[in-house]
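Structural overview for review
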Amino acid sequence: MSATVGEGFDRRAAALLRAAANDLKRDDDNAERDLGLEPGSFAEYTSGRRPVDWALLQRAAEVWPLNERDLLPIHDDCPTGLSVLRAKESEASSRVLARGGTDYYEYRDTAMSRIASYRPEWIRMLQVVGNDRADNPDVRWNRGHLLYQFTYFVGPVNYYYRWQGESYCVPMETGDSVWGLPFAPHSFTARGDAEPAYILALTYGGGLVGDAQRELAVLGRRAAHELALPVTRDATSADGQIRSFMAAGCVTPAELAARTGLPPERIRQLTGPGARAVPTQDELTVLADGLGVSVRDLLPPRSTSRHGVSIQHARDARSWVHPDEGRPAYRLTRLAGDPLHPHTSALQVDVLATADADSAPLATHQHQYLFVLGDAPVRISWERDGERRTDVLGPGDSAYTEPLVPVTFSAVTEAAPRVLMLRIGGHVTPDVRHALGAMAEQGIDRYIAEDRLWYSKEGN
Ligand SMILES: [Fe+2]
(Lines give C-alpha, C1' and ligand atoms only; values in the text may rest on other atoms or scores of the structure.)
Protein backbone atom coordinates (compact mmCIF):
# COMPACT_ATOMS: atom_id res chain seq x y z
CA MET A 1 0.00 0.00 0.00
CA SER A 2 1.13 3.55 -0.53
CA ALA A 3 1.12 6.42 1.97
CA THR A 4 1.80 4.25 4.97
CA VAL A 5 2.94 5.64 8.29
CA GLY A 6 5.44 3.73 10.38
CA GLU A 7 6.82 0.26 10.11
CA GLY A 8 5.11 -3.02 9.50
CA PHE A 9 2.00 -1.84 7.64
CA ASP A 10 2.58 -4.17 4.68
CA ARG A 11 3.43 -7.04 7.00
CA ARG A 12 0.20 -6.52 8.95
CA ALA A 13 -1.77 -6.29 5.69
CA ALA A 14 -0.26 -9.60 4.58
CA ALA A 15 -1.28 -11.24 7.86
CA LEU A 16 -4.85 -9.93 7.60
CA LEU A 17 -5.17 -11.33 4.08
CA ARG A 18 -4.04 -14.77 5.24
CA ALA A 19 -6.36 -14.63 8.25
CA ALA A 20 -9.34 -13.67 6.05
CA ALA A 21 -8.62 -16.48 3.58
CA ASN A 22 -8.34 -18.92 6.49
CA ASP A 23 -11.67 -17.71 7.88
CA LEU A 24 -13.25 -18.35 4.46
CA LYS A 25 -11.53 -21.73 4.22
CA ARG A 26 -9.62 -20.81 1.07
CA ASP A 27 -6.22 -22.34 0.54
CA ASP A 28 -3.77 -20.64 -1.84
CA ASP A 29 -5.12 -22.32 -4.99
CA ASN A 30 -8.71 -21.36 -4.17
CA ALA A 31 -7.77 -17.84 -3.18
CA GLU A 32 -5.87 -17.35 -6.42
CA ARG A 33 -8.83 -18.62 -8.43
CA ASP A 34 -11.29 -16.35 -6.55
CA LEU A 35 -9.10 -13.27 -6.77
CA GLY A 36 -7.88 -13.83 -10.32
CA LEU A 37 -4.25 -14.12 -9.27
CA GLU A 38 -1.48 -15.97 -11.01
CA PRO A 39 -0.43 -19.28 -9.43
CA GLY A 40 1.99 -18.86 -6.57
CA SER A 41 1.24 -15.19 -6.01
CA PHE A 42 -1.09 -15.58 -3.00
CA ALA A 43 1.80 -16.89 -0.91
CA GLU A 44 3.83 -13.87 -2.00
CA TYR A 45 1.09 -11.50 -0.80
CA THR A 46 0.49 -13.31 2.49
CA SER A 47 4.20 -13.56 3.27
CA GLY A 48 4.70 -9.85 2.64
CA ARG A 49 7.06 -10.40 -0.31
CA ARG A 50 4.55 -8.60 -2.53
CA PRO A 51 2.64 -5.66 -1.00
CA VAL A 52 -1.15 -5.97 -0.85
CA ASP A 53 -2.48 -3.23 -3.11
CA TRP A 54 -5.80 -1.45 -3.40
CA ALA A 55 -6.84 -3.41 -6.50
CA LEU A 56 -6.45 -6.66 -4.56
CA LEU A 57 -8.50 -5.30 -1.63
CA GLN A 58 -11.28 -4.23 -3.98
CA ARG A 59 -11.28 -7.57 -5.74
CA ALA A 60 -11.38 -9.40 -2.39
CA ALA A 61 -14.30 -7.24 -1.19
CA GLU A 62 -16.10 -7.94 -4.48
CA VAL A 63 -15.86 -11.72 -4.50
CA TRP A 64 -15.65 -12.48 -0.78
CA PRO A 65 -18.23 -11.47 1.87
CA LEU A 66 -15.95 -9.00 3.56
CA ASN A 67 -15.19 -5.29 3.51
CA GLU A 68 -12.08 -3.54 2.30
CA ARG A 69 -11.49 -2.26 5.83
CA ASP A 70 -11.37 -5.84 7.14
CA LEU A 71 -8.13 -6.20 5.21
CA LEU A 72 -6.68 -2.83 6.17
CA PRO A 73 -4.26 -2.61 9.09
CA ILE A 74 -3.73 0.53 11.13
CA HIS A 75 -0.62 2.71 11.05
CA ASP A 76 1.98 2.58 13.77
CA ASP A 77 2.93 6.19 14.46
CA CYS A 78 4.36 5.48 17.91
CA PRO A 79 7.19 2.94 17.50
CA THR A 80 8.99 3.88 20.74
CA GLY A 81 5.80 3.65 22.82
CA LEU A 82 5.59 7.42 23.40
CA SER A 83 5.18 10.30 20.99
CA VAL A 84 5.36 13.99 21.80
CA LEU A 85 3.71 17.07 20.34
CA ARG A 86 5.63 20.19 21.35
CA ALA A 87 3.88 23.39 22.41
CA LYS A 88 5.36 25.09 19.33
CA GLU A 89 3.82 22.51 16.98
CA SER A 90 0.56 22.85 18.89
CA GLU A 91 0.62 26.64 18.41
CA ALA A 92 1.28 26.13 14.71
CA SER A 93 -2.05 24.26 14.42
CA SER A 94 -3.92 27.25 15.90
CA ARG A 95 -7.13 28.27 14.16
CA VAL A 96 -9.86 30.62 15.32
CA LEU A 97 -13.46 29.62 14.70
CA ALA A 98 -16.17 32.23 14.66
CA ARG A 99 -19.75 31.56 15.67
CA GLY A 100 -22.51 33.97 14.79
CA GLY A 101 -20.00 36.44 13.37
CA THR A 102 -17.77 36.69 16.46
CA ASP A 103 -14.51 34.90 17.12
CA TYR A 104 -15.48 32.30 19.69
CA TYR A 105 -12.72 29.71 20.17
CA GLU A 106 -9.08 29.33 19.36
CA TYR A 107 -8.33 25.64 18.79
CA ARG A 108 -4.93 23.95 18.91
CA ASP A 109 -4.19 20.28 18.34
CA THR A 110 -2.30 18.40 21.01
CA ALA A 111 -0.77 14.91 20.89
CA MET A 112 -2.83 12.31 19.02
CA SER A 113 -2.09 8.88 17.68
CA ARG A 114 -3.51 6.75 14.92
CA ILE A 115 -3.48 3.86 17.40
CA ALA A 116 -6.06 5.42 19.74
CA SER A 117 -9.43 7.04 19.12
CA TYR A 118 -9.07 10.17 21.24
CA ARG A 119 -9.01 13.73 19.88
CA PRO A 120 -7.51 16.17 22.37
CA GLU A 121 -7.82 19.91 21.71
CA TRP A 122 -6.50 22.89 23.60
CA ILE A 123 -9.28 25.49 23.31
CA ARG A 124 -9.13 29.12 24.39
CA MET A 125 -12.39 30.95 25.10
CA LEU A 126 -12.55 34.21 23.15
CA GLN A 127 -16.07 35.18 24.19
CA VAL A 128 -16.11 37.08 27.48
CA VAL A 129 -19.39 37.18 29.39
CA GLY A 130 -20.58 39.36 32.25
CA ASN A 131 -22.86 36.86 33.99
CA ASP A 132 -23.39 33.15 34.63
CA ARG A 133 -26.78 32.85 32.98
CA ALA A 134 -27.37 29.79 30.82
CA ASP A 135 -29.66 31.83 28.57
CA ASN A 136 -27.03 34.51 27.90
CA PRO A 137 -27.46 35.37 24.19
CA ASP A 138 -23.67 35.79 23.88
CA VAL A 139 -23.29 32.05 24.42
CA ARG A 140 -23.02 30.18 21.12
CA TRP A 141 -24.07 26.58 21.56
CA ASN A 142 -22.87 23.70 19.41
CA ARG A 143 -25.14 20.89 18.24
CA GLY A 144 -23.38 18.28 20.34
CA HIS A 145 -21.04 15.71 18.87
CA LEU A 146 -20.47 11.99 18.68
CA LEU A 147 -17.41 11.80 20.87
CA TYR A 148 -17.49 11.60 24.66
CA GLN A 149 -15.78 14.61 26.15
CA PHE A 150 -13.56 14.93 29.16
CA THR A 151 -12.79 18.59 29.84
CA TYR A 152 -10.15 20.06 32.15
CA PHE A 153 -10.59 23.75 32.99
CA VAL A 154 -7.89 26.38 33.37
CA GLY A 155 -8.83 29.89 34.50
CA PRO A 156 -12.27 31.53 34.79
CA VAL A 157 -14.25 29.46 32.31
CA ASN A 158 -18.02 29.17 32.22
CA TYR A 159 -19.27 25.76 31.17
CA TYR A 160 -22.71 25.45 29.56
CA TYR A 161 -24.52 22.21 28.87
CA ARG A 162 -27.99 21.26 27.71
CA TRP A 163 -29.95 18.10 28.44
CA GLN A 164 -33.52 17.37 27.32
CA GLY A 165 -34.08 20.99 26.41
CA GLU A 166 -32.89 22.38 29.75
CA SER A 167 -29.76 24.60 29.75
CA TYR A 168 -27.25 24.88 32.59
CA CYS A 169 -24.23 27.07 33.36
CA VAL A 170 -21.49 26.15 35.83
CA PRO A 171 -18.68 28.61 36.60
CA MET A 172 -15.44 26.61 36.62
CA GLU A 173 -12.00 27.23 38.13
CA THR A 174 -8.58 25.79 37.39
CA GLY A 175 -8.49 22.08 38.14
CA ASP A 176 -12.23 21.49 37.73
CA SER A 177 -13.23 18.85 35.23
CA VAL A 178 -16.29 17.34 33.59
CA TRP A 179 -17.16 14.20 31.67
CA GLY A 180 -20.01 14.39 29.15
CA LEU A 181 -22.19 12.10 27.04
CA PRO A 182 -22.31 12.23 23.21
CA PHE A 183 -24.53 14.62 21.25
CA ALA A 184 -25.44 16.89 24.18
CA PRO A 185 -25.03 20.56 23.16
CA HIS A 186 -22.49 22.53 25.16
CA SER A 187 -20.44 25.70 25.13
CA PHE A 188 -17.68 27.56 26.95
CA THR A 189 -16.99 31.24 27.62
CA ALA A 190 -14.53 33.28 29.71
CA ARG A 191 -15.60 35.30 32.76
CA GLY A 192 -12.83 37.83 32.09
CA ASP A 193 -9.81 38.46 29.91
CA ALA A 194 -7.31 39.38 32.65
CA GLU A 195 -6.01 35.82 32.93
CA PRO A 196 -5.88 32.87 30.54
CA ALA A 197 -9.14 30.99 30.17
CA TYR A 198 -8.84 27.76 28.28
CA ILE A 199 -9.79 24.11 28.42
CA LEU A 200 -8.30 20.81 27.45
CA ALA A 201 -11.17 19.17 25.60
CA LEU A 202 -10.26 15.51 25.33
CA THR A 203 -12.83 13.81 23.14
CA TYR A 204 -12.87 10.12 22.38
CA GLY A 205 -15.15 7.54 20.83
CA GLY A 206 -14.88 4.71 23.34
CA GLY A 207 -16.55 1.73 21.70
CA LEU A 208 -18.79 3.98 19.63
CA VAL A 209 -16.47 4.69 16.74
CA GLY A 210 -15.23 1.98 14.43
CA ASP A 211 -17.05 -1.22 13.65
CA ALA A 212 -20.17 -0.71 15.82
CA GLN A 213 -21.02 2.59 14.14
CA ARG A 214 -20.56 1.10 10.68
CA GLU A 215 -22.65 -1.95 11.52
CA LEU A 216 -25.54 0.13 12.91
CA ALA A 217 -25.38 2.50 9.94
CA VAL A 218 -26.24 -0.51 7.77
CA LEU A 219 -28.81 -2.04 10.16
CA GLY A 220 -30.66 1.25 10.29
CA ARG A 221 -32.42 3.60 12.68
CA ARG A 222 -35.05 1.21 13.97
CA ALA A 223 -32.51 -1.44 14.87
CA ALA A 224 -30.25 1.12 16.55
CA HIS A 225 -33.13 2.41 18.70
CA GLU A 226 -34.27 -1.11 19.58
CA LEU A 227 -30.75 -2.21 20.49
CA ALA A 228 -30.27 0.71 22.89
CA LEU A 229 -30.37 -0.54 26.50
CA PRO A 230 -31.27 1.86 29.30
CA VAL A 231 -28.62 3.06 31.73
CA THR A 232 -29.60 4.10 35.24
CA ARG A 233 -27.86 5.58 38.26
CA ASP A 234 -28.16 2.44 40.36
CA ALA A 235 -27.82 -0.26 37.68
CA THR A 236 -30.46 -2.46 39.26
CA SER A 237 -32.82 -3.79 36.62
CA ALA A 238 -31.37 -6.59 34.52
CA ASP A 239 -34.46 -7.19 32.38
CA GLY A 240 -32.94 -5.88 29.15
CA GLN A 241 -30.02 -8.25 29.25
CA ILE A 242 -32.05 -11.23 30.45
CA ARG A 243 -34.68 -10.71 27.74
CA SER A 244 -31.93 -10.50 25.08
CA PHE A 245 -30.46 -13.83 26.17
CA MET A 246 -33.93 -15.42 26.37
CA ALA A 247 -34.64 -14.35 22.78
CA ALA A 248 -31.17 -15.44 21.66
CA GLY A 249 -31.70 -18.93 23.07
CA CYS A 250 -35.43 -19.10 22.21
CA VAL A 251 -36.04 -19.58 25.93
CA THR A 252 -39.65 -19.18 27.06
CA PRO A 253 -40.55 -17.91 30.57
CA ALA A 254 -41.74 -21.43 31.40
CA GLU A 255 -38.46 -22.93 30.22
CA LEU A 256 -36.46 -20.35 32.21
CA ALA A 257 -38.53 -21.17 35.30
CA ALA A 258 -37.83 -24.87 34.79
CA ARG A 259 -34.10 -24.27 34.30
CA THR A 260 -33.71 -21.97 37.29
CA GLY A 261 -36.23 -23.33 39.75
CA LEU A 262 -37.63 -19.80 40.13
CA PRO A 263 -41.45 -19.55 40.30
CA PRO A 264 -43.05 -18.49 36.97
CA GLU A 265 -44.50 -15.44 38.73
CA ARG A 266 -40.98 -14.34 39.70
CA ILE A 267 -39.72 -14.86 36.14
CA ARG A 268 -42.57 -12.62 34.96
CA GLN A 269 -41.64 -9.94 37.50
CA LEU A 270 -38.02 -10.04 36.39
CA THR A 271 -38.43 -10.28 32.63
CA GLY A 272 -42.03 -9.52 31.71
CA PRO A 273 -43.19 -6.37 29.92
CA GLY A 274 -42.34 -3.34 32.03
CA ALA A 275 -40.38 -5.51 34.46
CA ARG A 276 -39.14 -3.47 37.40
CA ALA A 277 -38.11 -6.18 39.84
CA VAL A 278 -34.46 -6.32 40.84
CA PRO A 279 -32.93 -9.79 40.90
CA THR A 280 -31.12 -10.80 44.08
CA GLN A 281 -27.53 -12.07 43.91
CA ASP A 282 -28.80 -15.65 44.25
CA GLU A 283 -31.34 -15.11 41.49
CA LEU A 284 -28.66 -13.68 39.22
CA THR A 285 -26.55 -16.77 39.80
CA VAL A 286 -29.32 -19.21 38.84
CA LEU A 287 -30.44 -17.03 35.92
CA ALA A 288 -26.88 -16.91 34.57
CA ASP A 289 -26.63 -20.68 35.01
CA GLY A 290 -29.96 -21.23 33.29
CA LEU A 291 -29.06 -19.00 30.37
CA GLY A 292 -25.52 -20.39 30.07
CA VAL A 293 -23.83 -17.03 30.57
CA SER A 294 -21.78 -15.28 33.25
CA VAL A 295 -23.43 -13.17 35.96
CA ARG A 296 -21.60 -10.12 34.58
CA ASP A 297 -23.44 -10.54 31.28
CA LEU A 298 -26.74 -9.93 33.06
CA LEU A 299 -25.65 -6.79 34.87
CA PRO A 300 -26.09 -3.38 33.28
CA PRO A 301 -23.49 -0.67 33.83
CA ARG A 302 -24.47 2.34 35.92
CA SER A 303 -23.91 6.00 35.30
CA THR A 304 -23.62 8.75 37.87
CA SER A 305 -24.02 11.47 35.26
CA ARG A 306 -26.75 14.05 35.86
CA HIS A 307 -28.25 15.82 32.87
CA GLY A 308 -25.66 14.10 30.68
CA VAL A 309 -22.57 15.18 32.60
CA SER A 310 -20.43 14.21 35.58
CA ILE A 311 -18.83 17.28 37.12
CA GLN A 312 -15.85 17.16 39.46
CA HIS A 313 -14.79 20.39 41.15
CA ALA A 314 -11.17 20.60 42.26
CA ARG A 315 -12.26 21.74 45.74
CA ASP A 316 -13.80 18.38 46.55
CA ALA A 317 -11.72 16.04 44.42
CA ARG A 318 -10.00 13.09 46.06
CA SER A 319 -6.24 13.35 46.26
CA TRP A 320 -3.55 10.94 47.51
CA VAL A 321 0.17 10.24 47.21
CA HIS A 322 1.78 7.48 45.18
CA PRO A 323 3.35 4.99 45.73
CA ASP A 324 3.27 5.67 49.50
CA GLU A 325 3.61 8.40 52.11
CA GLY A 326 7.14 7.33 52.99
CA ARG A 327 8.52 7.96 49.51
CA PRO A 328 5.94 9.95 47.60
CA ALA A 329 6.73 10.43 43.91
CA TYR A 330 3.40 11.95 42.98
CA ARG A 331 0.30 13.52 44.40
CA LEU A 332 -2.63 12.29 42.34
CA THR A 333 -6.02 13.93 42.08
CA ARG A 334 -9.00 12.10 40.70
CA LEU A 335 -10.77 14.06 37.97
CA ALA A 336 -14.20 13.67 36.38
CA GLY A 337 -15.32 10.28 35.11
CA ASP A 338 -18.32 8.00 35.05
CA PRO A 339 -18.97 4.32 35.86
CA LEU A 340 -20.38 3.95 32.34
CA HIS A 341 -16.76 4.18 31.22
CA PRO A 342 -14.79 2.09 33.69
CA HIS A 343 -11.83 2.16 31.31
CA THR A 344 -11.54 5.93 31.24
CA SER A 345 -9.40 7.39 34.03
CA ALA A 346 -8.63 11.08 34.38
CA LEU A 347 -5.97 12.22 36.82
CA GLN A 348 -4.02 15.30 37.73
CA VAL A 349 -0.43 14.37 38.58
CA ASP A 350 1.57 16.72 40.77
CA VAL A 351 5.13 15.50 40.49
CA LEU A 352 6.96 15.38 43.84
CA ALA A 353 9.98 13.36 42.70
CA THR A 354 12.95 15.64 42.16
CA ALA A 355 15.15 13.06 40.42
CA ASP A 356 14.49 10.25 37.98
CA ALA A 357 15.85 7.78 40.56
CA ASP A 358 13.26 8.89 43.14
CA SER A 359 10.39 8.45 40.77
CA ALA A 360 7.96 5.56 40.44
CA PRO A 361 6.68 3.89 37.26
CA LEU A 362 3.03 4.26 36.33
CA ALA A 363 1.62 1.78 33.82
CA THR A 364 -1.87 0.99 32.61
CA HIS A 365 -3.82 -1.19 30.20
CA GLN A 366 -5.22 1.99 28.66
CA HIS A 367 -4.04 4.40 25.99
CA GLN A 368 -2.67 7.44 27.73
CA TYR A 369 -2.66 11.16 26.98
CA LEU A 370 -0.43 13.59 28.85
CA PHE A 371 -0.42 17.40 28.87
CA VAL A 372 2.02 19.54 30.84
CA LEU A 373 -0.02 22.07 32.83
CA GLY A 374 1.48 25.06 34.61
CA ASP A 375 4.94 26.52 34.05
CA ALA A 376 7.28 23.74 35.16
CA PRO A 377 8.95 21.33 32.74
CA VAL A 378 8.88 17.63 33.58
CA ARG A 379 11.33 14.83 32.92
CA ILE A 380 9.64 11.74 31.59
CA SER A 381 11.16 8.29 31.26
CA TRP A 382 9.52 5.31 29.65
CA GLU A 383 10.31 1.82 28.53
CA ARG A 384 9.35 -0.30 25.58
CA ASP A 385 10.87 -3.56 24.31
CA GLY A 386 13.48 -3.39 27.05
CA GLU A 387 14.70 0.01 25.94
CA ARG A 388 14.50 2.93 28.33
CA ARG A 389 14.21 6.49 27.01
CA THR A 390 14.07 9.91 28.61
CA ASP A 391 12.79 13.28 27.43
CA VAL A 392 11.89 16.62 28.92
CA LEU A 393 8.41 17.97 28.29
CA GLY A 394 7.92 21.70 28.58
CA PRO A 395 4.76 23.61 29.51
CA GLY A 396 2.13 23.06 26.83
CA ASP A 397 3.84 19.96 25.46
CA SER A 398 1.66 16.88 25.22
CA ALA A 399 2.30 13.21 24.66
CA TYR A 400 0.63 9.93 23.82
CA THR A 401 1.76 6.63 25.31
CA GLU A 402 0.79 3.13 24.26
CA PRO A 403 -0.88 0.78 26.74
CA LEU A 404 1.44 -1.01 29.18
CA VAL A 405 4.34 1.42 28.65
CA PRO A 406 5.62 2.29 32.14
CA VAL A 407 6.19 6.02 32.57
CA THR A 408 7.96 7.92 35.33
CA PHE A 409 7.91 11.67 35.96
CA SER A 410 10.35 13.85 37.88
CA ALA A 411 10.99 17.56 38.28
CA VAL A 412 13.60 19.33 36.18
CA THR A 413 13.71 22.62 38.08
CA GLU A 414 12.75 23.75 41.59
CA ALA A 415 9.14 24.08 40.48
CA ALA A 416 6.93 21.02 40.88
CA PRO A 417 5.47 19.92 37.53
CA ARG A 418 1.80 19.28 37.04
CA VAL A 419 0.62 16.86 34.36
CA LEU A 420 -2.87 16.14 33.14
CA MET A 421 -3.29 12.43 32.50
CA LEU A 422 -6.22 10.97 30.60
CA ARG A 423 -6.36 7.25 30.07
CA ILE A 424 -8.88 5.60 27.79
CA GLY A 425 -9.58 2.00 26.93
CA GLY A 426 -9.01 1.01 23.32
CA HIS A 427 -10.60 -1.73 21.27
CA VAL A 428 -8.92 -4.36 23.44
CA THR A 429 -11.90 -4.58 25.76
CA PRO A 430 -12.24 -6.95 28.72
CA ASP A 431 -14.11 -9.33 26.36
CA VAL A 432 -11.11 -9.37 24.03
CA ARG A 433 -8.65 -9.72 26.90
CA HIS A 434 -10.57 -12.72 28.23
CA ALA A 435 -10.66 -14.19 24.72
CA LEU A 436 -6.88 -13.84 24.49
CA GLY A 437 -6.57 -15.56 27.83
CA ALA A 438 -8.74 -18.46 26.67
CA MET A 439 -6.90 -19.15 23.38
CA ALA A 440 -5.07 -22.34 22.59
CA GLU A 441 -1.29 -22.40 22.60
CA GLN A 442 0.28 -20.06 20.03
CA GLY A 443 -3.13 -18.52 19.50
CA ILE A 444 -2.16 -15.01 20.60
CA ASP A 445 0.86 -14.86 18.29
CA ARG A 446 -1.19 -16.02 15.31
CA TYR A 447 -4.08 -13.71 16.23
CA ILE A 448 -1.94 -10.59 15.90
CA ALA A 449 0.00 -11.82 12.85
CA GLU A 450 -1.41 -14.87 11.10
CA ASP A 451 1.48 -16.40 9.19
CA ARG A 452 0.20 -19.73 8.00
CA LEU A 453 -2.55 -21.73 6.33
CA TRP A 454 -4.93 -23.11 8.96
CA TYR A 455 -3.94 -26.70 8.11
CA SER A 456 -0.86 -28.44 6.81
CA LYS A 457 -0.83 -29.64 3.20
CA GLU A 458 1.19 -32.62 4.40
CA GLY A 459 -1.76 -33.59 6.58
CA ASN A 460 -0.17 -33.47 10.02
FE1 LIG B 1 -17.18 19.47 22.63
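Here is what the cut-offs are and how they apply
Residues numbered from 1 in each chain as written. Predicted model: local features only at pLDDT ≥ 70, side-chain atom pairs only at ≥ 80, totals over all residues. Heavy atoms only, no water. Patch = residues over 30% accessible without salt bridge, like charges linked within 9 Å, V, L, I, M, F, W, Y side chains within 5 Å. Areas by Shrake-Rupley, 256 points an atom, 1.4 Å probe, with all protein chains shown as cover. Salt bridge = Lys/Arg side-chain N within 4 Å of Asp/Glu carboxyl O. Helix = DSSP H or I, 4+ residues; strand = E, 2+ residues; numbered from the N terminus. Pairing = 2+ DSSP bridges. Axes fitted to C-alpha atoms, helices over the stretch in contact; angles between N-to-C directions. Phe/Tyr/Trp six-rings, centres within 6.5 Å; stacked < 30°, edge-to-face > 60°. Buried < 20%, exposed > 50% of the residue type's maximum accessible area, 1.4 Å probe, protein only. Donors = N, O, S within 2.8 Å, 3.2 Å for Na, K, Ca; no water. Arc of directions from axis to C-beta. Contact = heavy atoms within 4.5 Å. Domains from an automatic or database assignment. Polar contact = N/O pair within 3.5 Å; in protein donor to acceptor, adjacent residues only side chain to side chain.

**Looking at a nonpolar patch on the surface**
- Together, Met439, Ile444, Tyr447 and Ile448 make up a nonpolar patch on the protein surface, roughly 410 Å² of accessible area in all.
- Residue position: Ile444 is located in helix α14 (residues 443–448).

**Structural notes on the sheet that holds strand β3 (residues 102–109)**
- With respect to topology, seven strands assemble into an open sheet ordered β2-β3-β4-β10-β5-β8-β11, the strand pairing being antiparallel. Sheet topology places β2 (95–99) and β11 (309–312) at the edges, where each strand pairs with a single neighbour. Recorded for the sheet is a direction-independent mean angle of 25° between the axes of neighbouring strands.
- As paired elements, strand β4 (residues 118–125) and strand β10 (residues 198–204) share seven bridges and run antiparallel to each other. The residue of β10 that forms the bridge with Arg119 is Thr203.

**Some words on the pattern of salt bridges**
- What the rule picks out here adds up to 28 salt bridges.
- A salt bridge links Arg50 to Glu38, with the shortest nitrogen-to-oxygen separation between them at 3.9 Å. Here Glu38 lies in the loop between α2 (28–35) and α3 (41–47) and Arg50 lies in the loop between α3 and α4 (54–63), a separation of 12 residues in the sequence.
- Between Asp431 and Arg296 there is a salt bridge, with its nearest N and O atoms 3.2 Å apart. Taken together, the residues span a long stretch of sequence, with Asp431 in helix α13 (residues 430–438) and Arg296 in helix α12 (residues 295–298) at a distance of 135 residues.

**A word on the pairing of strand β16 (residues 378–384)**
- Relative to strand β17 (residues 387–393), β16 is paired through seven bridges, and the arrangement is antiparallel. Paired with Arg379 across the bridge in β17 is Val392.
- The hairpin formed by β16 and β17 contains two residues between the paired strands, and Asp385 there has a positive phi angle of roughly 50°.
- One ladder, built from five bridges, connects β16 with strand β19 (residues 407–411); its direction is antiparallel. Within β19, the position partnered with Arg379 by the bridge is Ser410.

**Structural notes on the packing of aromatic side chains**
- Under the defined criterion, the tally for this structure stands at 16 aromatic pairs.
- Ring geometry for Tyr148 versus Tyr204: centroids 5.6 Å apart, planes at 25°, classification stacked. Residue Tyr148 is located in strand β5 (residues 148–154), and its partner Tyr204 is located in strand β10; the two are separated by 56 residues in the primary sequence.
- Look at Tyr148 and you get buried, because its relative accessible area is 9%.
- With a centroid separation of 6.0 Å and 80° between ring planes, the pair formed by Tyr330 and Phe409 is classed as edge-to-face. Separated by 79 residues along the polypeptide, Tyr330 in strand β13 (residues 330–334) and Phe409 in strand β19 bring together distant segments of the chain.

**Side note on the coordination of the iron ion**
- Protein-derived ligands of the iron ion are His145 (NE2), Gln149 (OE1) and His186 (NE2), with the metal-ligand distances lying across 2.0 to 2.2 Å.
- Of note, the iron ion draws all its donor residues from one chain, in the sequence arrangement H-x3-Q-x36-H. Of the two residues, Gln149 is situated in strand β5 and His186 in strand β9 (residues 186–190); the sequence distance between them amounts to 37 residues.
- On the basis of relative accessible area, Gln149 is assigned to the buried category, the value being 8%.
- For His186, a relative accessible area of 10% corresponds to the buried category.

**With respect to helix α11 (residues 281–291)**
- Restricting attention to buried positions, one finds in α11 the residues Glu283, Leu284, Leu287, Ala288, Gly290 and Leu291. The arc that holds every buried residue of α11, seen down its axis, measures 160°, which confines them to one face. Opposite the packed face of α11, turned more than 90 degrees from it, sit the exposed residues Gln281, Asp282 and Asp289.
- Looking at the buried residues of α11, the elements they touch are α8 (239–248), α9 (253–260), α10 (264–271) and α12.

**What to know about the domain arrangement of the chain**
- Split into domains, the chain comes out as domain 1 (9–76 + 429–448), domain 2 (236–298) and domain 3 (317–424).
- The centre of domain 1, based on its C-alpha atoms, is set 40 Å off from the matching centre of domain 2.

**Description of the side chain of Gln312**
- Its location among the elements puts Gln312 in strand β11.
- Polar side-chain contacts of Gln312 include one of 3.3 Å to the side chain of Asp316.

**Quick notes on the pairing of β5**
- The buried count for β5 comes to seven of seven residues, which makes it a mostly enclosed element.
- Burial of the side chains of β5 extends over both faces: Tyr148, Phe150, Tyr152 and Val154 are buried on one face and Gln149, Thr151 and Phe153 on the other.
- Across seven bridges, β5 lies against β10 in antiparallel orientation. Bridge assignment links Gln149 to a residue of β10, and that residue is Thr203.
- Relative to strand β8 (residues 177–180), β5 is paired through four bridges, and the arrangement is antiparallel. Paired with Gln149 across the two strands is Gly180, which belongs to β8.

**What to know about the environment of Arg119**
- Mapped onto the elements of the fold, Arg119 is located in strand β4.
- For Arg119, a relative accessible area of 38% gives the class partly exposed.
- With 30 residues separating them in the primary sequence, Arg119 and Gln149 have C-alpha atoms 9.3 Å apart.
- The residues contacting Arg119, other than those within four sequence positions of it, are Met112, Ser113, Leu147, Ala201, Leu202 and Thr203.

**A closer look at the sheet that holds strand β15 (residues 367–373)**
- The sheet built from seven strands is open, its strands ordered β1-β18-β15-β20-β14-β13-β12 with antiparallel pairing. Whereas interior strands pair on both sides, the edge strands pair on one side only; in this sheet they are β1 (82–85) and β12 (319–322). Taken pair by pair, the neighbouring strands of this sheet meet at an average axis angle of 25°, ignoring direction.
- As paired strands, β12 and β13 are joined by four bridges and run antiparallel to one another. The residue of β13 that forms the bridge with His322 is Tyr330.

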